[in-house]
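For reference, the chains in residue letters:
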Amino acid sequence: MMDVNEIREYLPHRYPFLLVDRVLELTPGESIVAIKNVSVNEPFFNGHFPEHPVMPGVLIVEAMAQAAGILGFKTMNKTPEDGSIYYFVGSDKLRFKRPVVPGDQLKLEASIISERRGIWKFDVKATVEGDTVSSATILCADRKV
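Here we summarise the structure given alongside this text. (Residues numbered from 1 in each chain as written. Predicted model: local features only at pLDDT ≥ 70, side-chain atom pairs only at ≥ 80, totals over all residues. Heavy atoms only, no water.)

1. Looking at the packing of aromatic side chains
Two numbers describe a pair of aromatic rings. These are the distance of the centres and the angle of the planes.
1) Next: In total, this model carries four aromatic pairs according to the counting rule given.
2) Next: On the basis of an interplanar angle of 85° and a centroid distance of 4.9 Å, the ring pair of Phe-73 and Tyr-86 is categorised as edge-to-face. Of this pair, Phe-73 sits in helix H2 (residues 57–76) while Tyr-86 sits in strand S3 (residues 84–96), and the two are 13 residues apart along the sequence.
3) Next: Phe-73 sits in the buried class, given a relative accessible area of 1%.
4) Next: Each ring, one from Trp-120 and one from Phe-122, has its centre 6.0 Å from the other, and the planes form 10°; the classification is stacked.
5) Next: One aromatic cluster is present, built from ring pairs that chain together Phe-73, Tyr-86, Trp-120 and Phe-122. (Phe/Tyr/Trp six-rings, centres within 6.5 Å; stacked < 30°, edge-to-face > 60°. Helix = DSSP H or I, 4+ residues; strand = E, 2+ residues; numbered from the N terminus. Buried < 20%, exposed > 50% of the residue type's maximum accessible area, 1.4 Å probe, protein only.)

2. Some remarks on the pattern of salt bridges
For side chains of opposite charge, pairing can occur when their charged atoms come near one another.
1) Next: According to the stated counting rule, one finds four salt bridges in the structure shown.
2) Next: Residues Lys-36 and Glu-42 are paired through a salt bridge, measuring 2.7 Å at the closest nitrogen-oxygen approach.
3) Next: For Lys-36, a relative accessible area of 4% puts it in the buried group.
4) Next: One salt bridge in this structure joins Asp-142 and Lys-78, with 3.1 Å as the shortest N-O distance. (Salt bridge = Lys/Arg side-chain N within 4 Å of Asp/Glu carboxyl O.)

3. With respect to the nonpolar core
1) Next: Within the largest apolar cluster, 40 residues are counted, with the highest numbers of intra-cluster contacts made by Val-23, Met-55, Ile-70, Leu-106 and Leu-108.
2) Next: Within the residue set of this core, elements represented by two or more residues are helix H1 (4–10), strand S1 (22–27), strand S2 (31–37), H2, strand S4 (105–116), strand S5 (119–128) and strand S6 (131–144).
3) Next: Looking at which element gives the most residues to this core, the answer is H2, with eleven residues.
4) Next: Not counting chain neighbours up to four residues away, the residues in contact with Met-55 comprise Val-38, Phe-44, Phe-45, His-48, Ile-60, Val-100 and Leu-106. (Core = buried A, V, L, I, M, F, W, Y, C linked by side-chain atoms within 4.5 Å. Contact = heavy atoms within 4.5 Å.)

4. Focus: the sheet that holds S3
1) Next: Strand order in the open sheet formed by six strands is S1-S2-S4-S5-S6-S3, and the pairing between neighbours is antiparallel. Where the open sheet ends on each side, the last strands, each with one partner, are S1 and S3. Between one strand axis and the next, the sheet turns by 25° as a mean value, whatever way the strands run.
2) Next: Contacting S1, S2, S3, S4, S5 and S6, H2 runs over the sheet at an angle of about 130° to S3. (Pairing = 2+ DSSP bridges. Axes fitted to C-alpha atoms, helices over the stretch in contact; angles between N-to-C directions.)

5. Topic: the environment of Asn-37
1) Next: Its place among the elements puts Asn-37 in strand S2.
2) Next: For the pair Asn-37 and Ser-134, spaced 97 residues apart in the sequence, the C-alpha separation amounts to 16 Å.
3) Next: Non-local contacts of Asn-37, meaning those with residues more than four positions away in its chain, are made with Asp-21, Glu-42, Asp-104 and Gln-105.
4) Next: Side-chain polar atoms of Asn-37 contact the side chain of Gln-105, separated by 2.8 Å. (Polar contact = N/O pair within 3.5 Å; in protein donor to acceptor, adjacent residues only side chain to side chain.)

6. Points about H2
1) Next: Here H2 spans 29 Å end to end across 20 residues, near enough to the 28 Å set by a 1.5 Å rise per residue.
2) Next: Among the 20 residues that make up H2, 15 are buried, leaving the element largely enclosed by the rest of the structure.
3) Next: With its phi angle positive at about 55°, Asn-77 sits one or two positions after the end of H2. (Expected span 1.5 Å × (residues − 1).)

By themselves, these observations are geometric and do not establish any function.
Following this line, the structure appears as structure tokens:
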């Protein structure tokens with residue numbers, strides 16, 4: 001549904017911090033399914049950990065938050081160019097079930113729980129080949145820049 005060029009219109013992130021490669025499904029006001037291809041060439045693998053490369057959990061959470069950000073922007077029909085940005089401001093019930101390693105393809109899923117005064121609440125999940133890697137409820141704040 002969205003390739004990386006269109007994703008870059010809805011997220012202000014750029015290499016090496018853009019963590020969504022493609023959007024497979026998106027229903028504004030409801031949910032999104034996106035993917036992140038994990039390559040051994042990712043810069044964080046040089047130090048985390050050189051002999052046993054594992055994607056840092058905080059980056060898995062960030063990838064889920066970026067997918068949620070796309071959903072929020074598409075739902076509001078605006079982009080960062082409109083002077084708006086999403087800040088990741090909190091998480092609840094965050095869990096990690098298994099490591100993510102080079103060669104994995106993260107499937108990122110987010111659904112809107114609520115939105116009040118620019119604070120969005122999302123249910124998010126990351127899976128690899130159908131196995132849950134991480135899940136959480138996250139909060140994002142839509143703010144002017």
